[in-house]
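Fold and contact review
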Amino acid sequence: MVVATPTPLLRRGTKKTAAFGVPTIDLSEDKSIASEMIVKACEDYGFFKVVNHGVPKKVIARMEREAVDFFSHPIAQKGRAGPAAPFGYGCKNIGFNGDKGDLEYILLEANPVSLSQRAKTMSNDPSTFSAVTNDYVSAVRKLACDILELVADGLWMENKSIFSKLISNSQNDSCLRVNHYPPFIAPNNNYNHNDNDDEELNNHWDPSSELVEEGLRISPLIPAVGSKSRVGFGEHTDPQILTILRSNDVSGLQICSHDGFWIPVPPDPNEFFVFVGDSFQALTNGRFTSVRHRVVAINSWKSRMSMMYFAAPPLDAWITAPPLINNSISSNIYRPFTWGNFKQIVYSLRLADSRLDYFKNHAQ
């Protein structure tokens, strides 16, 4: 079944405000209903939540524990896994073109060989880190493939694996990212500060100075100041086919609706959120639209931590819409390209840039 969250999501303190119920798809229900509703969610929002997803809670919990353990290390120890180029440990710098955010992160290639090698710089127990991460990647990859097969069914494709085979291919270029955002505490009225305080605290934030209490990242040391929102991760779309996201219970994620409203998404640590990526927009000839999203700081003593599986095809895979989809739309919006071609463009641009514009047919 598909249900909307009972409480509307409101965007406050800005020029635009919107109410929005997150499309929620129960994957244990009838496949024909689930596939139809997933397609509708991809068309209307490029975003939805899945419940009864089949990923064991212990697999999620073990992955979160490994991530919490890594981020709790001193900055010098974490630095051995970096700098991210693009894989490894990074702090504040996002990509190669000047984008920054108030976060630290790890980015990993989602294949067993690479994970085994990376684990040596990321954990005092590399074999456990590698095994736990591989288990998580396998589970969320299966979830991504299940969703893609439901999409193919909902689009009336004869070959139900037409999309999922790109991800299940042993040469797939998928990756796993774990983001850790510091707490943000609203100022109290008795605290005197100037406009430079926010920048000063951001520049001197040391992620390793936080405490770990009962598995949660907590910082009682430095409250944030100023009324301006901090940007954890700036607005962007994901270039891959699908993103499977799981976070802890700290808010901050916002998506942008087609009409330009920024909408906060309540966290749900028990379920997964799914994002349409740029490559899926091209594979559906624009029928689905990749969703712009960002993470902003919220008033919390706790850190936000999110884990994203980016489902990507092999580098030499061609990204082009199947004939059935093309025939339902007047013309081909995008010229065919390989994932490797597209990835090169992604790395050359800023975070918020529209990459698919480089592959539009001139007639569009």
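Reference entry: report on the structure contained in this document. Fair warning: this is a prediction, and the values are worked out from it, not measured in the lab. (Residues numbered from 1 in each chain as written. Predicted model: local features only at pLDDT ≥ 70, side-chain atom pairs only at ≥ 80, totals over all residues. Heavy atoms only, no water.)

Now for the sheet that holds strand β11 (residues 253-256). Sheet architecture is open: four strands sit in the order β9-β14-β11-β12, paired in antiparallel fashion. Edge positions in the sheet fall to β9 (231-236) and β12 (262-264), since each has one partner strand and no second. Across the sheet, the mean angle from the axis of one strand to that of its neighbour is 25°, orientation sign disregarded. Two elements, β11 and strand β14 (residues 293-296), share three bridges in a ladder whose sense is antiparallel. (Pairing = 2+ DSSP bridges. Helix = DSSP H or I, 4+ residues; strand = E, 2+ residues; numbered from the N terminus. Axes fitted to C-alpha atoms, helices over the stretch in contact; angles between N-to-C directions.)

Bringing the pairing of strand β6 (residues 175-181) into the picture now. Counting buried positions along β6 gives seven out of seven residues, so the element sits mostly inside the fold. Residues of β6 alternate between two faces, with C175, R177, N179 and Y181 on one and L176, V178 and H180 on the opposite face, all of them buried. The sheet contact formed by strand β5 (residues 99-109) and β6 spans six bridges and is antiparallel. Residue Y105 lies in a different strand from β6, and its bridge partner there is N179. Inspection of the sheet shows β6 paired to strand β15 (residues 304-311) by seven bridges, in the antiparallel sense. Bridge pairing in β15 links V178 to M307. (Buried < 20%, exposed > 50% of the residue type's maximum accessible area, 1.4 Å probe, protein only.)

Here we come to the packing of helix α4 (residues 112-122) against helix α5 (residues 126-154). Closest axis-to-axis distance for the α4/α5 pair is 8 Å, and the angle between their directions is 140°. Here α5 runs oblique to α4, going by the angle between their axes. The handedness of the crossing between α4 and α5 is right-handed. Residues P112, L115, S116, A119, K120 and M122 of α4 form the contact with α5, whose participating residues are P126, F129, S130, T133, N134 and V137. Classifying every residue of the contact of α4 with α5 gives seven nonpolar, four polar and one charged. (Parallel < 35°, antiparallel > 145°, perpendicular 65-115°, else oblique. Left-handed = near helix turned anticlockwise from the far one by under 90°. Contact = heavy atoms within 4.5 Å. Nonpolar A, V, L, I, M, F, W, Y, C, P; charged D, E, K, R; others polar.)

Here we come to the pattern of salt bridges. Under the definition given, this model contains 14 salt bridges. With a shortest N-O distance of 3.4 Å, K160 and D153 are connected by a salt bridge. The class of K160 is partly exposed, set by a relative accessible area of 33%. Salt-bridge contacts for K343 lead to D173; the nearest nitrogen and oxygen are separated by 2.6 Å. Here the residue K343 occupies a position in helix α10 (residues 339-348), and D173 occupies one in the loop between α6 (164-168) and β6, the gap between them amounting to 170 residues. Since its relative accessible area comes to 16%, K343 is described here as buried. (Salt bridge = Lys/Arg side-chain N within 4 Å of Asp/Glu carboxyl O.)

What follows concerns the environment of S279. When you line up the elements, S279 lands in helix α8 (residues 278-283). Owing to a relative accessible area of 0%, S279 belongs among the buried residues under this scheme. With 10 residues separating them in the primary sequence, S279 and T289 have C-alpha atoms 9.6 Å apart. Leaving out residues up to four positions away in the same chain, S279 has contacts with P239, Q240, I241, I319, W339 and F342.

In this structure, I147 and F280 are the most contacted members of the largest nonpolar core, which totals 72 residues. Top contributing element to this core by residue count: α5, with 14 residues. Dropping the residues within four chain positions of it, F280 is found in contact with L148, V151, F163, Q240, I241, L242 and F288. In terms of nonpolar packing, the next biggest core, distinct from the first, is built from 15 residues, V22, I255, I263 and F275 among them. (Core = buried A, V, L, I, M, F, W, Y, C linked by side-chain atoms within 4.5 Å.)

Before going further, it helps to spend a moment on unusual backbone geometry. Cis geometry marks the peptide bond from G82 to P83, where omega comes out at -5°. As for its position among the elements, P83 is in the loop between α3 (75-78) and β4 (88-94). In this structure, the amide linkage connecting A85 to the following residue, P86, adopts the cis form with an omega of -5°. Residue placement: P86 occurs in the loop between α3 and β4. Within the chain, N52 stands out as a residue other than glycine whose phi angle is a positive 50°. Within the fold, N52 resides in the loop between β3 (47-51) and α2 (57-71). Phi is positive for W156, close to 65°, though the residue is something other than glycine. Mapped onto the secondary structure, W156 falls in the loop between α5 and α6.

Just geometry here; none of it tells us what the structure is for.
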